[in-house]
Amino acid sequence: MGNRVAREDYEWVYTDQPHADRRKEILAKYPEIKSLMGPDQRLKWIVCMMVAIQFLAFYLVKDLDWKWVLFWTYAFGSCINHSMTLAIHEISHNTAFGNNKAMWNRYFAMFANLPIGLPYSASFKRYHLDHHRYLGGDGVDVDIPTEFEGWFFCTRFRKFIWIILQPLFYAIRPLCINPKPITQLEVTNVACQLTFDILLYWLGGAKPLFYMLAGSMLGMGLHPISGHFIAEHYMFLKGHETYSYYGSLNLLTFNVGYHNEHHDFPSIPGRRLPMVKKIAAEYYDDLPQYTSWMKVLYDFIMDDALSPYSRVKRKLRGDVKQE
């Protein structure tokens, strides 16, 4: 468990990200894909159902023994809360109400944020659009681990700890790499979330609050679903910076596993991404892909060639316009 990773730097490239060119090529060949763009009318109802399920769970866990609170927090709450973060990911692309109702999407994301317990949705929107526009961009894409992460988490045991602490690093990384002025939407997000958390504690006590907050932390740490954090962009094969996963966990994650397809067409809702792959199969079938997020986590920890440094990074040229 003490072997050091061979990498001492990111994989620096001097080419543009591949998704914009592939999108142009696919649309020229299959213009019918444009019909898949636009809001997913089912999304808002699915999100409302998931929020209601968690509200019911808050009520049910308040009288359980702590051992059962712990069990249901990891077995159920962590899955739902991680899924809710990916619902917010969907909403950040305006797929709930469409581009013409941008603010409706922002406030609906705050509603979806409530059972997660930590104010997340407003800031995520700002940084995630930068991730799409400037994939791997030095000093802009906060999905890229910091120099400290790459340097310190360089053994199997440390990589294991790093995966457990993923939520912490995703929270503090923007402040280190690309801090931005706080917006009114972010203040509103924090105020709404803190009010909800206090109300939940007042009505239900410590157990529902623990179920909510610990579920979020555990679900985004050492958890099968969190394998998508590693699977999406860590360079398991040289020359490939985005990977797709076509397994069953897509059912819980709004098809975030279709990640090449998502970066090629971020305005297409997750529910329709399998149709993109079907229509333009020759563009995706031969790309590297995964069948298990759990195996991705295991391989990342055990492979001494992989570390937080295993990311493609590029110096940005020209004007950089951020959210």
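Since we're looking at a predicted model, the values are computed, not measured.

Participant: Requested: an account of the pattern of salt bridges, with residues and values cited.
Facilitator: All told, the structure shown has 17 salt bridges when counted by the stated rule. Of the charged contacts in the structure, one is a salt bridge between Glu149 and Arg173, with a shortest N-O distance of 2.7 Å. Residue Glu149 is located in helix H6 (residues 147–152), and its partner Arg173 is located in helix H8 (residues 166–177); the two are separated by 24 residues in the primary sequence. By relative accessible area, which is 1% here, Glu149 ends up buried.

Participant: Please provide a residue-by-residue account of the side chain of Asn189, values included.
Facilitator: Within the element layout of this structure, Asn189 appears in helix H9 (residues 184–204). Relative accessible area serves as the criterion here: at 3%, Asn189 is assigned to the buried category. In this structure, Asn189 is in contact with Met110, Asn113, Pro119, Tyr120, Ser121 and Ala122, ignoring residues within four places of it in sequence.

Participant: Requested: an account of the packing of aromatic side chains, with residues and values cited.
Facilitator: Counting across every chain of the model gives 27 aromatic pairs. Seen from their ring centres, Phe148 and Phe153 are 6.2 Å apart, and the 85° between their planes marks the pair as edge-to-face. For Phe148, a relative accessible area of 45% puts it in the partly exposed group. Ring centres of Phe236 and Tyr290 lie 5.6 Å apart, and the angle between their planes is 75°; this geometry places the pair in the edge-to-face category.

Participant: Outline the layout of surface pockets, supporting the account with residue identities and numerical values.
Facilitator: Approximately 1100 Å³ is the volume found for the largest pocket. Contributing to the lining of the largest pocket are 37 residues, with Tyr120, Phe124, Tyr170, Ala171 and Pro174 lying nearest its centre. Its residues placed into classes, the lining of the largest pocket shows 22 nonpolar, nine polar and six charged. Gln17, His132, Arg133, Tyr134 and Leu135 are the residues nearest the centre of the second largest pocket, which is lined by 23 residues in total. Secondary structure elements with two or more residues in the lining of the second largest pocket: helix H1 (19–29) and helix H5 (121–133). Ranked by residue count, the leading element in the lining of the second largest pocket is H1, at four residues. Each residue belonging to the lining of the second largest pocket can be placed in one class, and the counts come to nine nonpolar, six polar and eight charged.

Cut-offs used in this document
Residues numbered from 1 in each chain as written. Predicted model: local features only at pLDDT ≥ 70, side-chain atom pairs only at ≥ 80, totals over all residues. Heavy atoms only, no water. Salt bridge = Lys/Arg side-chain N within 4 Å of Asp/Glu carboxyl O. Helix = DSSP H or I, 4+ residues; strand = E, 2+ residues; numbered from the N terminus. Buried < 20%, exposed > 50% of the residue type's maximum accessible area, 1.4 Å probe, protein only. Contact = heavy atoms within 4.5 Å. Phe/Tyr/Trp six-rings, centres within 6.5 Å; stacked < 30°, edge-to-face > 60°. 1 Å grid on protein atoms, 1.4 Å probe; cavity = no way out; pocket = protein on both sides within 12 Å on 5 of 7 lines; lining within 4 Å. Points joined across faces, edges and corners; volume = space filled by probe spheres on them. Nonpolar A, V, L, I, M, F, W, Y, C, P; charged D, E, K, R; others polar.

Purely geometric numbers; function is a separate question.
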